[in-house]
Amino acid sequence: KDTLLEYYNKRAYNSLEYTYTMMMDNKLVSVSLVKAKDVRMFMETKTEGMISNMINDGQFVYMWTSMTGMGQKYDLKDYENKGEAGLQDFEKPTTEVKILGRETVNGYDCVKVEIKVEGEVQYQWISEKYGIAIRVIMDNMQMDVTNILVKDIPDVTFIPPSNINFGGSMFSGLGQLVQVS
């Protein structure tokens, strides 16, 4: 676990922009543009014509879509990401980590690890250089990172837009929107 934490902590020293794709059952589900700096992250995801956004400012996670002016805000202490295992999972005493070797994935030198979190198993290929998972496989889902650029990401990137109401559900207006169409 300590080795894995060491790799992930390298991300805190990088300012990166990259493409993140998600596939389920070998079919492309979404493509995201990610901008990460220290512990903060901005993600714009395109899924079947809809754009959703996420900002992690280090204290809160903000999520909203292109379809409504509504969004959701979560305190990171209370937010549970059910996707790839991350730092909060590695710190749990029940999490098991096994380093399986080294492989080149998407052109990046990686350490392949098996991670068991609360009975769920996933495989991650983690870049030592950048401190991010280049590939994650769990069940029928595969997530890949490509096109990594080291660049200075402006701090304003991690400030949520003022025209979005983060007090409700980001999906509340979608039912009305679908009925109108």
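Reference entry: report on the structure contained in this document. Treat the numbers as computed from the prediction; the structure is a model and nothing was measured. (Residues numbered from 1 in each chain as written. Predicted model: local features only at pLDDT ≥ 70, side-chain atom pairs only at ≥ 80, totals over all residues. Heavy atoms only, no water.)

### Focus: the overall build of the protein chain
- Secondary structure summary: the protein chain contains 3 helices and 11 strands in total.
- The N-to-C order of helical and strand elements in the protein chain reads α-β-β-β-β-β-β-α-β-β-β-β-β-α.
- When burial is assessed residue by residue, the protein chain has 43% of its 181 residues classed as buried.
- By sequence separation, contacts in the protein chain at least 24 residues apart represent 47% of the contacts at least 6 residues apart. (Helix = DSSP H or I, 4+ residues; strand = E, 2+ residues; numbered from the N terminus. Buried < 20%, exposed > 50% of the residue type's maximum accessible area, 1.4 Å probe, protein only. Contact = heavy atoms within 4.5 Å.)

### Comments concerning unusual backbone geometry
- With a phi angle near 45°, Glu48 is a residue other than glycine that sits in the positive phi range.
- Relative to the helices and strands, Glu48 resides in the loop between β3 (40–47) and β4 (50–56).
- Unlike most non-glycine residues, Asp139 shows phi in positive territory, near 50°.
- Mapped onto the elements of the fold, Asp139 is located in the loop between β10 (133–138) and β11 (141–150).
- According to the relative accessible area criterion, Asp139 is exposed, its value standing at 67%.

### Describing the pattern of salt bridges
- Tallying each qualifying case throughout the model produces 11 salt bridges.
- For Lys151, the salt bridge is made with Glu17, and the minimal N-O distance between the two is 3.4 Å. Of this pair, Lys151 sits in the loop between β11 and α3 (174–180) while Glu17 is found in strand β1 (residues 15–24), placing the two residues 134 residues apart along the sequence.
- With a shortest N-O distance of 2.7 Å, Arg135 and Asp144 are connected by a salt bridge.
- Judged by relative accessible area, which is 8%, Asp144 ranks as buried.
- Here the salt bridges share partners, and the residues they tie into one network are Lys37, Asp38, Arg40, Asp152 and Asp155. (Salt bridge = Lys/Arg side-chain N within 4 Å of Asp/Glu carboxyl O.)

### Re the packing of aromatic side chains
- Counting across every chain of the model gives 4 aromatic pairs.
- Between the aromatic rings of Trp64 and Phe166, the centroid separation amounts to 5.7 Å while the plane-to-plane angle is 85°, which identifies the pairing as edge-to-face. Of this pair, Trp64 sits in strand β5 (residues 60–65) while Phe166 sits in the loop between β11 and α3, and the two are 102 residues apart along the sequence. Neither residue differs from the other here; Trp64 and Phe166 are each classed as buried.
- The ring of Phe60 is capped by Lys73, whose NZ or CZ atom sits 4.2 Å from the centre of that ring. (Phe/Tyr/Trp six-rings, centres within 6.5 Å; stacked < 30°, edge-to-face > 60°. Lys NZ or Arg CZ within 6 Å of the ring centre and 35° of its normal.)

### A short note on the pairing of strand β8 (residues 108–117)
- Burial of β8 is extensive: 8 of the 10 residues sit out of reach of the surface.
- Alignment of strand β7 (residues 96–105) against β8, held across 9 bridges, turns out to be antiparallel. If you follow Glu103 over to β8, its bridge partner there is Cys110.
- Between β7 and β8, which pair antiparallel one after the other, the connecting turn spans 2 residues, and Asn106 there sits at a positive phi close to 55°.
- Between β8 and strand β9 (residues 120–127), which pair antiparallel one after the other, the connecting turn spans 2 residues, and Glu118 there sits at a positive phi close to 50°. (Pairing = 2+ DSSP bridges.)

### What to know about the side chain of Asn56
- Assignment of secondary structure puts Asn56 in strand β4.
- At 2.7 Å, the side chain of Asn56 and the backbone nitrogen of Gly58 are in polar contact.
- Ignoring anything within four residues of it in the chain, the contact list for Asn56 reads Val39, Arg40, Met41, Val61, Leu76 and Phe158. (Polar contact = N/O pair within 3.5 Å; in protein donor to acceptor, adjacent residues only side chain to side chain.)

### Here's the deal with the sheet that holds β9
- Taken together, 11 strands build an open sheet; the order of strands is β6-β5-β4-β3-β2-β1-β11-β10-β9-β8-β7 and the sheet is antiparallel. Whereas interior strands pair on both sides, the edge strands pair on one side only; in this sheet they are β6 (71–75) and β7. Across the sheet, the axes of successive neighbouring strands diverge by a mean angle of 15°, strand direction being ignored.
- Judged from the 5 bridges that link them, β4 and β5 form a sheet pairing that is antiparallel. In the strand pairing of β5, Ile55 is matched with Tyr62. (Axes fitted to C-alpha atoms, helices over the stretch in contact; angles between N-to-C directions.)

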